[in-house]
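# Chains, contacts and geometry: an overview
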Amino acid sequence: MTESTLLSFTKPELPMHIQQIREYLPHRYPFLLVDRIVDVTDNGIVGYKNVSINEEFLQGHFPNYPIMPGVLIVEALAQVSGILGFIMNNEKPSEGSLFLFAGAEKVRFKKQVVAGDQLVLKSELIMQKRGIYKYNCIATVDGVVATTAEIMVYHQKV
């Protein structure tokens, strides 16, 4: 991992419940796709999204066989990556910065995610340079890989 400006950071008290997550993400319903953060390491984070049949996106995405759209799984991975970015920089959006989704590479969908699943979201920082952060991400259900991706986010002061 390339580190140019990362300082030591304070790890949050775990698990992070939705009230704390909302402090780190500017997203709100229906686009807040992280329910809990259960682990934060020096360069990684683990959280999850409980997928309910009541999700708006399941109402129209194959209504007779509702599956979570792959783009929303990638968005959920980007959101946990953004939370890690904020934590590693000892910042929150209320302090005048955002982590914006900048790109996704090597995205692979390997298992469908359906109502009732708990989507475990893992992100590990692999590169940071000039405000661009790159993460290796994996989403699993019951220990089986559902999606893998390299996610890039941009740290922007607002």
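Heads up: the structure comes first, above all this text.
So, how was this worked out
Residues numbered from 1 in each chain as written. Predicted model: local features only at pLDDT ≥ 70, side-chain atom pairs only at ≥ 80, totals over all residues. Heavy atoms only, no water. Helix = DSSP H or I, 4+ residues; strand = E, 2+ residues; numbered from the N terminus. Rg over C-alpha atoms; globule rule 2.2 N^0.38 Å. Expected span 1.5 Å × (residues − 1). Buried < 20%, exposed > 50% of the residue type's maximum accessible area, 1.4 Å probe, protein only. Salt bridge = Lys/Arg side-chain N within 4 Å of Asp/Glu carboxyl O.

### Some remarks on the overall build of the chain
- Along the chain, the regular secondary structure elements total three helices and six strands.
- Secondary structure elements of the chain occur, N-terminal to C-terminal, as α-β-β-α-α-β-β-β-β.
- Relative to its length of 158 residues, the chain is compact, with a C-alpha radius of gyration of 15 Å against a globular reference of 15 Å.
- When its C-alpha atoms are laid out on the principal axes, the chain stretches across 50 × 30 × 25 Å.

### Here's the deal with helix H3 (residues 70-88)
- Between its first and last C-alpha, H3 extends 27 Å over 19 residues, near the 27 Å set by a 1.5 Å rise per residue.
- For H3, the buried fraction is high: 17 of the 19 residues fall into the buried class.
- Positive phi appears at Asn90, one or two residues downstream of H3, with a value of about 50°.

### Examining the pattern of salt bridges
- Taken as a whole, this structure holds seven salt bridges when the rule is applied.
- Note that Lys92 and Glu23 form a salt bridge whose closest N and O atoms lie 2.7 Å from each other. With a gap of 69 residues between them, Lys92 in the loop between H3 and strand E3 (97-109) and Glu23 in helix H1 (residues 18-24) connect regions that are remote in the sequence.
- A residue is classified by how much of its surface remains accessible, and Lys92, at 23% relative accessible area, is partly exposed.
- Note on Glu23: relative accessible area 40%, which makes it partly exposed.
- Of the charged contacts, one joins Lys134 and Glu105 as a salt bridge, the two residues approaching to 3.2 Å between their closest N and O atoms. Of this pair, Lys134 sits in strand E5 (residues 132-141) while Glu105 is found in strand E3, placing the two residues 29 residues apart along the sequence.
- Three or more residues joined by partner-sharing salt bridges are found here, namely Glu105, Lys106, Lys134 and Glu150.

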